[in-house]
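Observations on chain architecture
One letter stands for each residue in the lines below.
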Amino acid sequence: MTPLQGRFPERQLLETFTGTVRDGRSAALVLIGEAGIGKTRLLDHAAATAGDLRIARTAGAESESHLGFSGLHQLLRPFLDRMDRLPDPQRSALATAFGLVTASPPDLFLVGLAALTLLADAAADLPVICLVDDAHWLDRESLGVLAFLGRRLGADGLGLLIAARDEPGARAVLRGLDTHPLDGLAGDDARGLIASAAAGRLDARVAGRIAAESGGNPLALIEMTAALSPDQLAGGSVLPEFLPIGDSLEAHFARQVRLLPADTRQFLLLVAAAPPGDSAVLWRAASRLGLAPTAADEAVSQGILLPELALRHPLIRSAAYTTATPAERRAVHLALGETIEHDPGRRAWHLAESVVGLDDGVAGQLEQAAERARTRGGYATQGAFLSRAAELTSDGPLRARRFLAATRPYMLVGDIATAARRLDQATPGLDSPALKAAGQRARATIEWYSSGVAAKAPALLLDAVQRFSPLDDGTVREMLWEAMIAGLISGRHTAGVTLADIADVALKTPGPPTLAGFLLDAFAMRTVGDFDRAVPLLRDAVAAMRTGDLGASSEPLTSVGSWAALEVWDDEGFGAVLDRMDAFARGQGALHALKSTLDVVAAWRTITGRFAAAEAVHDEADQVAAAIGLPGNGVEHRLELLAWQGREAESRAAAEFTERVWATELRYGVLGNHASYATVILELGLGRYPEALAAARPLLDEDTIGIGNRVLTDVIEAGVRAGDRAAAEFAFERLSERAPASGTPWALGLLARGRALLAGDGAESHYAEAADLLGRTAVRTELARTHLVHGEWLRRRGRRTDARDQLRTAYDLFLGFGAAAFAERARVELRATGESARKRDDPAPATLTPQELQVATLAAGGATNTEIATRLFITASTVEYHLNKIFRKLGLTSRRQIAGRLGSFPGAS
């Protein structure tokens, strides 16, 4: 092997990387560069200099890129004897992904956590470096797992070194990992590599031209030098006009392949197409093709094929495949398909590649393989197999059904463009109402995901329900629920239909008692305006979310479904639903759903006055987003918290951004309403009542699920204080119709406060009733607001002593929450009674990072390191690392002391 030339910055980078792992910490690094730039050599250098560390390797192969989890299996194969040490959900997920057991398809990120835990367990004995070459050719599932693993590394003694070409797909998946772009060799380094590859004398001008025209690409330098004669290298003969660089480098390899004997070329083609590392399959297929074992000799002697029968460079694999005729390629695939015995997926794929025209038998095998891929969570593989099965199918309707079936797995992996192409291929052949409806249902989803706009989806779904009949009720109800979700999200921007249109059809269509069905009925009844009849349905929906089968619960279920509890002011039910959704998402490793759940949990922490805890949950949502390669939450997610905290400039800027971008440009009406409601809270805190009423009026008029009931008491307060009694009375009339139907302390407490605000001199008993009822709930912000308006009422009537008690209570509550504007409003009123508010003089606590705070809180609650690791999607060794830092920062000596110190730390409540 040619010695590594130059690359001193990269050597230093790898030395730091290896040293970090050797010290028991973790590191992830991605090397990005063009073909031949030296990525593999740097991986080899890392392995050679790792010394006493354990090395695990995997590499992407173009021929394997459609086989889900194949790259991950290759990497983890040396460690699979440790699988019995994994927690049950992780062991099941990994075993299912690898086809070792049959179970429900695992979430990709639960497989990722299992891989992380498995590798961390091995690293506890000896630090491990994972080398991943040609990551751009890894199957989609493996690359996603490795990217997740790289983003969750902590104090594990694990290193992940990935090499990939600079291709958009790989870069997108690997986003968030430290990346180092590789340039060509320059100056003496380039000339030194040329000299080491030259057999004789080297003319300086020739070396200069090779270096200049190659751009310093090491492979091009070596191949150019090898392609020139000694006389040319010495400067005695004219160099060819074109040297093998750039795109012509592959042509250079193609020429080398073409010069080989016919049987050697066929053997190279077989190596290029065969499963990597499976010599038994390779030799059996060679025998089937009539190739003697000596067929490899000439390629080995020329250095094209390594002695272990691996191709020297991926470009040679491509050259061997592209230089073969179609008939030669089909013959090799047929031999492989007939030889592979224990891998039906690979077998079916190779047989499919051997077919010219149609073959229903092979199409059937591919469809069966697609189903096996689905059960393992290999959705990209499922889509590829179904697509190829459709292409081989002779029956038109069956062909269309297979193309249609391929759209969903492509949507699940986020490949919306391919899903749209498959749907276009399917649509002309869909021959039944059910299939046509399914096609339009897929079209609605594709339209939403491709444009980012939900506004058109409800009309497409409702049209499919009404036009393509008869359909079974279960399918209709599922489509109506999807239409309802999209309509609730797009709100006032919904195009072509209204929520009432959807609700009318839903209420006329009975269906099975599913969770989505409960929510659909509840929201439909609420939408048509019959709140009394909606209440028991809303309660049924909350009960179903608390105890029913969550199935494959998705992101909208938490963010939209939990509104059922808000609609009936059920604080206990709302908290319980969120706890269950949080536990379910974590248990399934469903990080997309968990991120959505955490957004709602943070909002609930805000409503209940736990602002620091809300900040911590927002921080965790950002961590989850980073783990799955998404940007962190934008300001639109923290809007209400900013408003409650009285951070005026930030709150107004966030509201303006949310309205302009999310509501106006992307037509997410729900976020526009969220911005308006946050503005209402901000203006009330600042005592700007006309402005609060102006922001609340559209919400009052629209009366949307999830926010229409919440704004009623705000309108009452703002209307009374702004002198618009008509607005206040209108809101109170609606509240007085709905709150008794709910009957919860939250609802009745708000009703009593509204009555007090409108009652004038007779308000005393109503304020007392409101405080008593709200004091029984978790919504401490509403209790504090009740004490505030009661104290303001008393102060205006000259009852200064009584007012002080109420205002002092309100001030202390708001100050404890961190609600600065409301606290200032209470302080000003308190000062008007002749009393100065006490300032809190707490010592500044030591600073804990968001993840340290999460670990500390869970440890204080009695969770073990393993339980904490599972909950936070990290490893037990990382938990221990954080605990050690927590002990140092807090001056503690054991985890039993943590609980006593957490009260003064932000986010601990």
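Residues numbered from 1 in each chain as written. Predicted model: local features only at pLDDT ≥ 70, side-chain atom pairs only at ≥ 80, totals over all residues. Heavy atoms only, no water.

Considering the overall build of the chain
Within the chain, the secondary structure is distributed over 48 helices and 5 strands. Once the C-alpha set of the chain is aligned to its principal axes, its extents read approximately 110 × 70 × 50 Å. Residues counted as buried form 54% of the 909 residues belonging to the chain. Considering only residue pairs separated by 6 or more positions, the chain has 69% of its internal contacts joining residues 24 or more positions apart. On the chain, the mean spot of the 97 positive side-chain charges and the mean spot of the 111 negative ones are 2 Å from each other. (Helix = DSSP H or I, 4+ residues; strand = E, 2+ residues; numbered from the N terminus. Buried < 20%, exposed > 50% of the residue type's maximum accessible area, 1.4 Å probe, protein only. Contact = heavy atoms within 4.5 Å. Lys, Arg positive; Asp, Glu negative; His and termini not counted. Charge placed at Lys NZ, Arg CZ, Asp CG, Glu CD.)

Things to note about helix H23 (residues 433-451)
End to end, H23 covers 27 Å across 19 residues, agreeing with the expected 27 Å (1.5 Å per residue, within 8%). If you check which residues of H23 are buried, you get Leu-435, Ala-437, Gly-439, Gln-440, Ala-442, Ala-444, Ile-446 and Trp-448. Of the surrounding secondary structure, the elements contacted by the buried residues of H23 are helix H21 (396-412), helix H22 (416-426), helix H24 (457-467) and helix H25 (473-490). Within two residues after H23, Gly-452 carries a phi angle of roughly 75°, on the positive side. (Expected span 1.5 Å × (residues − 1).)

Considerations on the side chain of Thr-393
Note on placement: Thr-393 falls in the loop between helix H20 (379-391) and H21. Under the relative-accessibility criterion, Thr-393 is labelled buried at 1%. A distance of 2.5 Å separates the side chain of Thr-393 from the backbone oxygen of Ala-389, its partner in a polar contact. A polar atom in the side chain of Thr-393 sits 2.7 Å from the side chain of Arg-402. Aside from chain neighbours lying at most four places away, what touches Thr-393 is Leu-358, Asp-360, Ala-363, Leu-398, Arg-399 and Arg-402. (Polar contact = N/O pair within 3.5 Å; in protein donor to acceptor, adjacent residues only side chain to side chain.)

Details of helix H39 (residues 725-742)
In a regular helix each residue adds 1.5 Å, so 18 residues correspond to 26 Å; H39 covers 25 Å between its end C-alpha atoms and thus fits that length. By the burial criterion, the buried members of H39 are Ala-727, Ala-728, Ala-731, Phe-732, Arg-734, Leu-735, Arg-738, Ala-739 and Ser-742. Count one or two residues on from H39 and you reach Gly-743, which has phi positive near 75°.

Considering the environment of Val-715
Within the fold, Val-715 resides in helix H38 (residues 712-722). When residues no more than four places from it in sequence are discounted, the contact partners of Val-715 are Leu-693, Ala-696, Leu-700, Ala-727, Ala-728 and Ala-731.

Concerning the environment of Leu-758
Residue placement: Leu-758 occurs in helix H40 (residues 745-759). Given the relative accessible area of 12%, Leu-758 is considered buried. Through-space distance from the C-alpha of Leu-758 to that of Gly-719 is 9.7 Å; in sequence the pair is 39 residues apart. Setting aside residues up to four positions removed in sequence, Leu-758 forms contacts with Ile-716, Val-720, Arg-725, Ala-728, Glu-729 and Phe-732.

A few points about the nonpolar core
In terms of nonpolar packing, the biggest core is built from 187 residues, with Leu-72, Leu-76, Leu-94, Phe-523 and Phe-814 touching the most fellow members. Sort the elements by how many residues they give to this core and helix H5 (residues 108-123) lands first, with 12 residues. Non-local contacts of Leu-76, meaning those with residues more than four positions away in its chain, are made with Leu-94, Phe-98, Ala-115, Leu-118 and Leu-119. By size, the runner-up hydrophobic cluster in this structure holds 51 residues, among which are Leu-239, Leu-268, Ala-286 and Ala-299. (Core = buried A, V, L, I, M, F, W, Y, C linked by side-chain atoms within 4.5 Å.)

Observations concerning the packing of helix H9 (residues 204-214) against helix H10 (residues 218-227)
Following both chains from N to C, one finds H9 and H10 inclined at 135°, their axes separated by 9 Å at the closest point. If you check the angle between H9 and H10, you find them oblique. Crossing of H9 against H10: the hand is right-handed. Contacts between H9 and H10 involve Ile-210, Ala-211, Glu-213 and Ser-214 on the former and, on the latter, Ala-220, Leu-221, Met-224 and Thr-225. (Axes fitted to C-alpha atoms, helices over the stretch in contact; angles between N-to-C directions. Parallel < 35°, antiparallel > 145°, perpendicular 65-115°, else oblique. Left-handed = near helix turned anticlockwise from the far one by under 90°.)

Describing the pattern of salt bridges
When the charged atoms of two side chains with opposite charge come close together, those side chains can pair. On inspection of all chains with the given rule, the structure shows 67 salt bridges. In this structure, Glu-829 and Arg-795 form a salt bridge, with 3.1 Å as the shortest nitrogen-oxygen distance. With Glu-829 in helix H44 (residues 820-832) and Arg-795 in helix H42 (residues 780-796), the pair connects residues that are 34 residues apart, well separated along the chain. Each of the salt bridges in this network shares a partner with another, and the network as a whole consists of Asp-714, Glu-717, Arg-721, Arg-753, Glu-782, Arg-785, Glu-792 and Arg-825. (Salt bridge = Lys/Arg side-chain N within 4 Å of Asp/Glu carboxyl O.)

Some details on the environment of Arg-171
Examined against the element boundaries, Arg-171 turns out to sit in helix H7 (residues 168-173). By relative accessible area, Arg-171 is classed as partly exposed at 38%. For Arg-171 and Ala-406, which are 235 residues apart along the polypeptide, the C-alpha to C-alpha distance reads 25 Å.

A few points about the sheet that holds strand E2 (residues 54-59)
Sheets are built from strands that pair by backbone hydrogen bonding, the pairs being arranged parallel or antiparallel. The 5 strands lie next to each other as E2-E3-E4-E1-E5, forming an open sheet whose pairing is parallel. Since the sheet does not close on itself, it has two edges, and those belong to E2 and strand E5 (179-181), each with one partner. Geometrically, the sheet is characterised by an average inter-axis angle of 15° between neighbouring strands, direction not taken into account. Two strands pair when backbone bridges link them, and strand E1 (residues 27-32) and strand E4 (residues 158-164) are joined in this way by 6 bridges, in the parallel orientation. If you follow Leu-31 over to E4, its bridge partner there is Ala-163. (Pairing = 2+ DSSP bridges.)

Here's the deal with the packing of aromatic side chains
Following the criterion strictly, the structure yields 14 aromatic pairs and no others. Aromatic side chains Phe-574 and Trp-604 sit 4.8 Å apart centroid to centroid with 70° between the ring planes, which places their arrangement in the edge-to-face category. Taken together, the residues Phe-574 in helix H31 (residues 571-588) and Trp-604 in helix H32 (residues 591-607) connect sequence positions 30 residues apart. Judged by relative accessible area, which is 2%, Phe-574 ranks as buried. Judged by its relative accessible area of 4%, Trp-604 is buried. Measuring from ring centre to ring centre gives 5.9 Å for Tyr-767 and Trp-793, while their planes differ by 50°; the resulting arrangement is tilted. Of this pair, Tyr-767 sits in helix H41 (residues 764-774) while Trp-793 sits in helix H42, and the two are 26 residues apart along the sequence. Given a relative accessible area of 2%, Tyr-767 falls into the buried group. Using a relative accessible area of 8% as the deciding quantity, one classes Trp-793 as buried. By the ring-pair criterion, three or more aromatic residues cluster together here, those being Phe-611, Trp-644, Phe-814, Phe-817 and Phe-822. (Phe/Tyr/Trp six-rings, centres within 6.5 Å; stacked < 30°, edge-to-face > 60°.)

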